[in-house]
Amino acid sequence: MPDEKMKYPLLEFEYDKKLYEELLTLNPHPEFMDRVSIVTEDYEHDDFGSLPGDEKNALGHAAGVLWKIQKYGTSFSDEESKTIRTRKRSRTKKPDLLLFVNDLENDFHNYCACIKHGLGNKADLCALTEALLCYGCEDTVWEEVTEWHTAVSENKNFAKSTFLPNFDRLYIRQADRFLFLELNTEEALKFYGLATMLWDHEPDAKETNSDDHFVSFTRQYELYSRILKGASYPYGTSSQPSAFFQLYNRIIHSGISSSSLSEKLSTFVLSIQEIMESPSSRSLHRARLALLMFIVITKKHFIPELARLYDDPDRERWEVAIMEKSRLLEDTGYSILSHYAAHMTWKSGTRYFDSYLRLAKAAYLSELLLDELNAEGDAAEIAYYTSAEVFSYMLPEKCTKEEGKEGRLGKLTVMHLSYMNDPNEGKTLQKAIYGPSYGALQKGRKPLDVPFVFVKCFSPRIDYLPMWEMYGDHARGCCLVIDWETSKWMEEEAEPVLYHVCYLRKQGNSYVVLNEDNEKLSRSCRAINSQLQELHNVAEEIAEQDRRYLDDVLGKVLYLFKDSSYSYEQELRVIYQTKDNILHTDGDKPWLFVQTPFPLQLDEVILGPKFPDVSTRVPYLQEQLDLMCEKTGTEKPRITLSEIDYR
């Protein structure tokens, strides 16, 4: 390994993708193209696939389509490949290649129907499948195979044939193409997953699926999935060729100093470059691990590296590397940087590149602020004030009474931020960083697009009168005392994270964080003020038309700052930014919400000072809580009455 240190190791990492293209090549010319009779007419009929000769017609038509594709586009240009993958109409003067590919997909489905009825040849099906993958029809293949597998698993006797599409090595090759050629881990995992499917109703399943290849790859797939979730490499190793495993484990753990991190990143990247430079079919497992680990590390540490580049006068030389590596941010909280980087390919010019780096710097400062506001481990017990009616939706009667609501038992609903009582949600931090120019940004027609942000608010103040009045149904509701750490530990969930809300006090034209407004953040006030000032400096340099990108980059942190007039709450929050798993309340005007992925461990349920009919309602509440805890595996909470004398 060269004795050197990289300045920007994540940006400097590269490998020759052409070597992997050659190793993982797909065959666009199946053998059957040279021996079957070409079919040019429409061959379909009712109950297609069940009559002798159907398989010859489907395969013959597919062969004809493949000849057309090769005649008019022996090698697709990048633009034509993109056309096929995105299903856009081609602008080429050649016959529309997309139409040919659509015909090929139809032939594939028809030949699969024949195979399921005992007609056709498995080797030809495998060759046809490979051709589809070669021409960008991965979704078609994946959907067909997974539907086929589901039907077999459910023992549906739709197929007389013993021929099943357990083409493990082909799926692995396609997954490797996604990984090594496109750095697309989502699609790679989908195809690695196809290679681990058990086809239980196949007569030779035991022989096929118990060989060393299948068993070892199933374990490898499980390892790849763990790594992509940010887990440590689980196996100990002391061998020099595998030293990058140990480096990876050290890097992904938090708490490492910035100087030490830079050195370890450099060493890690140099070590995996050696692995990536000489690919072979026998060493692909190690190469996969090396690249997957690099991707995980990049998603975690790329933003700080870009922030360092922000102050580098020689930064423009890294523009091409940035465009490529930014794609790895696509499924993170900073996907907007991935989209913005893509714009640089057609919006060339220094201004766009500099704006990108400013946004990256803002993202880094946002991360620093989130670290300062992180309340995990800082609040043993937290209080959630709510009405008795809202609390009832966590209990068994409401959750099991209606179909589809069983999964809500013991969990909190996290409502969309639009339903918050503070009209300035997300605006307080904007006012602080934009300064006097904030008012000008509010003129004109107001956009009604709202971010998919969901917020749940808690307080460290237990049985506290102002909170009862404001959030506990005017003291007629209840206060749930939650053991947050135990709740998360039971499910080993990293998300959601619990944060402190930071209160800003306006002084003249600026905003400051004061100790007296932030009891739990007294040690962080200086750092937060410094980071807010840096953020203000960055915001001033961002062009007005790019301010909307800045709001996207700031993300969660926008909703963790409130005006000091709310400081009596000393609020804690969890925040979801997601378009997935969104639920709706019942009724004519449904509201949006998501749910915590785990049931809550309640230590105590405090009934409000004005809770009605305590003596008659407590037995029912006790019965429901006992049943809830039994079903969720949580400890039973105490039920108490507020000690506040309030009428």
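These figures come from a predicted structure and were not determined experimentally.

Cut-offs used in this document
- Residues numbered from 1 in each chain as written.
- Predicted model: local features only at pLDDT ≥ 70, side-chain atom pairs only at ≥ 80, totals over all residues.
- Heavy atoms only, no water.
- Helix = DSSP H or I, 4+ residues; strand = E, 2+ residues; numbered from the N terminus.
- Expected span 1.5 Å × (residues − 1).
- Buried < 20%, exposed > 50% of the residue type's maximum accessible area, 1.4 Å probe, protein only.
- Arc of directions from axis to C-beta.
- Salt bridge = Lys/Arg side-chain N within 4 Å of Asp/Glu carboxyl O.
- Pairing = 2+ DSSP bridges.
- Axes fitted to C-alpha atoms, helices over the stretch in contact; angles between N-to-C directions.
- Right-handed = clockwise from strand over helix to strand, strands pointing away.

Chemist: Now, about helix H26 (residues 614-632): what can you tell me, with residues and values included?
Modeler: It helps to recall that an α-helix has 3.6 residues per turn; residues three or four apart then point in one direction. Its 19 residues give H26 an end-to-end C-alpha distance of 26 Å, which sits within 8% of 27 Å, the value for a rise of 1.5 Å per residue. Along H26, the residues classified as buried are Leu621, Gln624, Leu625, Met628, Cys629 and Thr632. In a view along the axis of H26, the buried residues occupy a sector of 135 degrees, so they form one face of it. Exposed residues on H26 whose side chains face more than 90 degrees from its buried face are Ser615, Thr616, Pro619 and Glu630.

Chemist: Requested: an account of the pattern of salt bridges, with residues and values cited.
Modeler: Here the structure, examined in full by the defined rule, presents 25 salt bridges. Between Asp331 and Lys299 there is a salt bridge, with its nearest N and O atoms 2.8 Å apart. Taken together, the residues Asp331 in the loop between helix H15 (319-325) and helix H16 (335-343) and Lys299 in helix H14 (residues 284-310) connect sequence positions 32 residues apart. For the salt bridge of Arg638 with Glu604, the shortest nitrogen-to-oxygen distance reads 2.9 Å. One end of the pair, Arg638, is in strand S13 (residues 638-641); the other, Glu604, is in strand S12 (residues 602-607), and 34 residues separate them in sequence.

Chemist: Now, about the sheet that holds S13: what can you tell me, with residues and values included?
Modeler: Across the sheet, 4 strands lie side by side as S1-S4-S12-S13; this open sheet has mixed pairing. Since the sheet does not close on itself, it has two edges, and those belong to strand S1 (382-386) and S13, each with one partner. With strand direction ignored, the average angle separating the axes of adjacent strands in the sheet is 20 degrees. Strand direction decides the pairing type here: S1 and strand S4 (residues 478-482), joined by 5 bridges, are antiparallel.

Chemist: Requested: an account of the pairing of S12, with residues and values cited.
Modeler: The element S12 is largely enclosed, with a buried count of 5 among its 6 residues. Here S12 pairs with S13 via 4 bridges, running parallel. Its bridge partner lying in S13, Ile606 is registered against Thr640. A crossover connection joins S12 to the parallel S13 through H26; in handedness this β-α-β unit is right-handed.

Chemist: Now, about the sheet that holds strand S11 (residues 592-595): what can you tell me, with residues and values included?
Modeler: Across the sheet, 6 strands lie side by side as S5-S9-S3-S2-S11-S10; this open sheet has antiparallel pairing. For this open sheet the edge positions go to strand S5 (498-500) and strand S10 (583-584), each flanked by a neighbour on one side alone. Bridge analysis of S10 against S11 gives 2 bridges, and the strand direction is antiparallel. Looking at the pairing, His584 lines up with Leu592 of S11.

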